[in-house]
Amino acid sequence: MSRLVLYMSMSLDGFIAGPGDTKENPLGTEGDRLHEWLGHGGGDVGGFRPGDEPGRTVFDELMSTGAVVTGRRTGEFVDYWGGDHHDGVPIFVPTHRAPAGPLPGDVRFVADGIASCVAQAKTAAGDRDVLLHGAYTAQECLRARVLDVLEIQLVPLLLGQGRRLFDGLGPEHIELERVRALESPAALHLRYEVRYP
Amino acid sequence: MSAPIRLYMSMSLDGFIAGPDDRTGQELGRDGGRLFNWLDDRMSDGPSGQVYREALATGAVISGRRTFELAGRWQGDHHDGVPILVLTHHVDDGDVPPGSAQFVTDVADCAERARAGAGDRAVMMHGAGAAQALLRAGLLDEMEIHLVQVLLGGGRRLFDALGPDHTELELVRVLEARDVTHLRYRVRRRP
């Protein structure tokens, strides 16, 4: 069964981007340090491949997902990866207002809610998992109880300031279960399944 | 190298060390007790027992004032009567802390006295505010983070407003235990 898996690189103090993140500088000041575990590829996603075994394991799983859900902010920062994140799988974007102009590749805007967006992505992915990117969208998914797995690349770094992954989730606890921890000097890859009450 | 000053803190995956509204009578904040369930295994032979025993083998304690007061000043004895250095901004006239506790207002002085008191043993440190003060002063050597598998959603953060200088860490140990992952980091000195 397809699961929605959040992939995010986070500093130990909880940041996924440095301050001043803009389209010109999507990861903010010093934020590129968070993505060093990916290795140094080229301009597109496929150009990367981590230099160590734990990183490659996670990266290969990420690249074998059957659909992508991304927040609009993240998507626009990277021009929706030119319409192709990997292998031409469809990219779903939850939004309140779809853009007027056409977009390259298979980018689909979904305006009838996050749960519907995730359901459509899972249908498209078949028996493969769905990759989720974006802090705000991850929080929306948690609140709607549709996020199944967190794959956190915990980077050994205190960034000090920037944009947080978990912010304003609200007062309800969400229990997790650690199902894997892969250790490397570049990042600790922690995989948690979400246990909704 | 002398024995390290090591921060010990339980933290949720979303970065909280206490629930919302932590105060006297509700020391851990609302539902903050969730972060300490792993201590049920403190007497076990497993990793949580190991980490607990290591913490109690430290030779001195540094605590923030807030933590010290919330803990009822530990009645002057955190463990084995080792020195307790309480980092604070202000000491009231005539306020003498109990037992082996003493107030210190200077962060460097605090670290130095703790190291001297601990001898060849490590120094245990508690408290978010004090930890940030030692980090900024470049005096914190290690962190043992008990990363609890829960999203608390709100409360008091361990790392807040550290400022623009980032700090590189080195992950030196991962112990997977029931409900928690014990992460030990070494703080890398800025060049």
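This text goes with the structure placed above it.
Residues numbered from 1 in each chain as written. Chains lettered and ligands numbered in written order. Predicted model: local features only at pLDDT ≥ 70, side-chain atom pairs only at ≥ 80, totals over all residues. Heavy atoms only, no water.

1. Quick notes on unusual backbone geometry
Point 1. In this structure, E30 of chain A takes a positive phi of about 65° despite not being glycine.
Point 2. Considering the arrangement of structural elements, one finds E30 of chain A in the loop between strand 2 (15-17) and helix 1 (53-62).
Point 3. Phi at D21 of chain B takes a positive value of approximately 65°, unusual for a residue other than glycine.
Point 4. Take D21 of chain B: it is sitting in the loop between strand 2 (16-18) and helix 1 (47-56).
Point 5. Exposure remark for D21 of chain B: the relative accessible area of 41% places this residue in the partly exposed category. (Helix = DSSP H or I, 4+ residues; strand = E, 2+ residues; numbered from the N terminus. Buried < 20%, exposed > 50% of the residue type's maximum accessible area, 1.4 Å probe, protein only.)

2. A word on the interface of chain B and chain A
Point 1. Each side of the interface is counted separately: chain B has 35 residues, and chain A has 33 residues.
Point 2. For the pair chain B and chain A, the summed buried surface comes to about 3000 Å²; carbon and sulfur atoms form 57% of the total.
Point 3. Interface area lost by chain B to chain A is led by L13, Q149 and L151 of chain B, which between them contribute 23%.
Point 4. Our enumeration of links across chain B and chain A arrives at 5 salt bridges.
Point 5. Among the salt bridges present, the one from R164 of chain A reaches D160 of chain B, with a minimum N-O distance of 3.1 Å.
Point 6. At the boundary of chain B and chain A, one finds 14 residue pairs in polar contact (both at pLDDT 80 or more).
Point 7. Contributions of two or more residues to the side of chain B that touches chain A are made by strand 7 (142-148), strand 8 (150-151), strand 10 (167-177) and strand 11 (180-187) of chain B.
Point 8. A per-element tally of the side of chain B that touches chain A places strand 10 of chain B first, with 7 residues. (Contact = heavy atoms within 4.5 Å. Buried area = accessible area lost by both parts, 1.4 Å probe. Salt bridge = Lys/Arg side-chain N within 4 Å of Asp/Glu carboxyl O. Polar contact = N/O pair within 3.5 Å; in protein donor to acceptor, adjacent residues only side chain to side chain.)

3. Observations regarding the packing of aromatic side chains
All names here are of chain A.
Point 1. Across all of its chains, the model carries 3 aromatic pairs over all chains by this definition.
Point 2. With a centroid separation of 5.8 Å and 75° between ring planes, the pair formed by Y80 and F109 is classed as edge-to-face. Here Y80, found in the loop between helix 2 (72-77) and strand 4 (91-94), pairs with F109, found in strand 5 (residues 107-110); they are 29 residues apart in sequence, far enough to count as distant.
Point 3. Owing to a relative accessible area of 4%, Y80 belongs among the buried residues under this scheme. (Phe/Tyr/Trp six-rings, centres within 6.5 Å; stacked < 30°, edge-to-face > 60°.)

4. Some words on the environment of D106 of chain A
Residues and elements named next belong to chain A.
Point 1. The residue D106 is located in the loop between strand 4 and strand 5 in this model.
Point 2. With relative accessibility at 26%, the residue D106 sits in the partly exposed group.
Point 3. In the structure, D106 is positioned 27 residues away from H133 in sequence and 16 Å away in space, judged by C-alpha atoms.
Point 4. Excluding anything up to four places from it in sequence, D106 contacts G83, P90 and I91.

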